[in-house]
Amino acid sequence: MTETSGRCLVLCIGHPDRGDDAAGRAVARRLNGTLPAGVTLVEEDGDALSILVRLEGVQTAFLVDACVSGAPAGTIRRLDVSRAPLPKDAFGISTHGLGVVEAIEIARTVGRLPHRCVIYAIEGASFEIGEPLSPGVAQAVEEVVGCLRTELEG
Amino acid sequence: MASRTIKVDYLSRVEGEAALKVVVRNGEVKSAALSIFEPPRFFEALLRGRAFSEAPDITARICGICPVAYQMSAVHAMEHALGISVGGQLRDLRRLLYCGEWIESHTLHVHMLHAPDFLGYDGAIDMARDHGEAVTRGLALKKVGNEIIALLGGREIHPINVRVGGFYRVPTRKDFARLAESLKRAREAALESVQWVASFDFPERVRDYTFVALRHPDEYPFNEGRIVSNRGLDIAAPEYDDHFEETHVAHTTALQSRLRGSGSYLVGPLARYNLNFDKLSPLAQQSAREAGLDAICTNPYRSIVVRAVEALYACDEALRIIDAYEEPDRPAVPLEPRAGVGFAATEAPRGLLYHRYRLEQDGSIAEARIIPPTSQNQQCIEEDLVSHIGGFLDLPDEALQHRCEQTVRNYDPCISCATHFLRLEIDRA
């Protein structure tokens, strides 16, 4: 895990040993050591309180997590949650029961939401323990890595 | 007579998945069946053939909420197998690390998962609108737990600084200066949290539980002690398998633990508190009394208060350890691989966590056995649902569903991170 100081955060969420739930963690590993100075890269397992703590004092946040909505595996959603709450079905089911969506909305309620906050949600297919990423998700990981590099350099 | 089937399917949350089915017939709860997915089974297989020294890092991956507990049971069991013991400041640093995990885990459960049940909210988002101050207090506590884990564990999630025999590196006294100040503020916040949860309304439900926890002559238990119960059990960890057994039950692939010859038992904060109230710090004892708790509490719904008291104790104990800390001569006790069997039980936030390993001559792991607290509490949770939900059957379905969830969450099972893991179905015969 890499951490550098800064008020721009890339928060990659997931369990490394649970199949496609590792999508966020895979994104972190691809980004590790390649981000502009001042961008903090963090991996988390994904409970809401941990995410809330990470968001403290952050001005710009990009969050990456796996989700389950019934879409084809590897489908990527980019959700800008800076201004409006997420529609309930926008994310599908987070792989974390009290996870990203809850953390974002609690942060909004208690005035701790970063000025700019974007979620990348990667649709997962298999969450079997010990399994690797499914091919569609592995491809999506590469795409999200590219998107984040563009966002952070732009 | 109408019958209701409350069938609860679903998963969510990576640390655990669960399904719950409660069957009601003729105004009575006839059965409750909880099935839980158990990550440790996968890790037991993963550990075989690996070096004993890899166990702390591998087992830390089992749970994102309580990695320290898995590490601690692993290192103690390995040290038992290798015939060494770790004392002095290294032992205290392990207790300090455990303090960090208790603070983090209890704070998450008390503030985000369980409090909404008592305050009548669907979940933490709704609760935060009216109780922003409590959420902010929870964040402050969580943050100090993070600081402890980061300082001692090497990083905040899946800590890597723990090794069999001690640590890879140990902090200096100076390293603790800032943490001590944070902890003093956190202790005040923890005290406020006890007072906050004490004001909740609690269903008046009690049961004659068998409580099982560690007990140590000198301290509230984290890492070491004998395994005791309120019914006279008093054994060392190597005797665990003589007194406890795991059985298959039809509705779940997970194994359920029970005491041989007597059945279900309860592990976790309520058991620890009831068996070790006299070992809490004076401040924690006083706050418990002021929160309306006696030295014995048999109402599982008040476990939220006990958790808050334990978080306060963990802040208090962390400050005591830091105050007395002197840098040890070496970060770890030297050791040599050898063949052997090692046993250990430590107190994870959710309760007793038992590990057993058999090592080959070269120190590689031949067998690993991990019994997490949630599987030990499983039968007790089912019995609570049968016993405690009966009086709530007049509630509308949605309210009854919430009451079932609240009852399961009394135990802070791994699955409780899923705020809405219950899906209600009504089957009217």
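Quick notes on the rules
- Residues numbered from 1 in each chain as written.
- Chains lettered and ligands numbered in written order.
- Predicted model: local features only at pLDDT ≥ 70, side-chain atom pairs only at ≥ 80, totals over all residues.
- Helix = DSSP H or I, 4+ residues; strand = E, 2+ residues; numbered from the N terminus.
- Buried ≥ 20, exposed ≤ 12 C-beta atoms within 10 Å, placed from the backbone.
- Contact = placed C-beta atoms within 7 Å.
- Expected span 1.5 Å × (residues − 1).
- pLDDT = per-residue confidence, 0-100.
- Pairing = 2+ DSSP bridges.
- Axes fitted to C-alpha atoms, helices over the stretch in contact; angles between N-to-C directions.
- Parallel < 35°, antiparallel > 145°, perpendicular 65-115°, else oblique.
- Left-handed = near helix turned anticlockwise from the far one by under 90°.

Examining the overall build of chain B
- Check the secondary structure of chain B and you find 13 helices and 13 strands.
- Expressed as a percentage of the 429 residues in chain B, the buried residues total 55%.

A word on the overall build of chain A
- Scanning chain A from N- to C-terminus turns up four helices and six strands.
- Beginning at the N terminus, the succession of helices and strands in chain A can be written as β-α-β-α-β-β-β-α-β-α.
- Residue burial in chain A is summarised as follows: out of 154 residues, 51% are buried.
- Considering only contacts in chain A between residues 6 or more positions apart, those separated by 24 or more positions represent 79%.

Some points on helix H7 (residues 177-198) of chain B
Residues and elements named next belong to chain B.
- With 22 residues, H7 ought to run about 32 Å at 1.5 Å a step, and its terminal C-alpha atoms sit 32 Å apart, in line with that.
- All of the buried residues along H7 are Leu179, Leu183, Ala186, Arg187, Ala189, Ala190, Leu191, Ser193, Val194, Trp196 and Val197.
- Elements that come into contact with the buried residues of H7 comprise helix H4 (88-119), helix H6 (132-153), helix H10 (282-290) and helix H11 (303-324).

Quick notes on the confidence of the model for chain A
Residue and element names in this part refer to chain A.
- For chain A, the mean per-residue pLDDT works out to 87, and 88% of the residues sit at or above 70.
- Of all secondary-structure elements in chain A, the lowest mean pLDDT belongs to strand E5 (residues 93-94), at 52, while helix H4 (residues 135-153) reaches the highest, 97.
- Below pLDDT 50 for its whole length, residues 1-5 participates in 13 contacts with residues either more than four positions away or in separate chains.

Comments concerning the sheet that holds strand E8 (residues 234-235) of chain B
Residues and elements named next belong to chain B.
- Read from one edge to the other, the open sheet built from three strands follows the order E6-E7-E8, with strand pairing classed as antiparallel. Whereas interior strands pair on both sides, the edge strands pair on one side only; in this sheet they are strand E6 (212-215) and E8.
- Relative to E8, strand E7 (residues 226-229) runs antiparallel, the two being bridged by two bridges. Following the sheet pairing, Ile227 is matched in E8 by Ile235.
- Its contacts with the sheet put helix H9 (residues 269-276) on E6 and E7, and the angle it makes with E6 is roughly 50°.

Some points on the packing of helix H2 (residues 48-55) of chain A against helix H3 (residues 100-109) of chain A
Residues and elements named next belong to chain A.
- Closest axis-to-axis distance for the H2/H3 pair is 8 Å, and the angle between their directions is 50°. As far as their axial angle goes, H3 and H2 are oblique. Crossing angle aside, the handedness with which H2 passes H3 is right-handed. Where H2 abuts H3, its residues Ala48, Ile51, Leu52 and Leu55 lie against Val100, Glu102, Ala103, Ile106 and Ala107.

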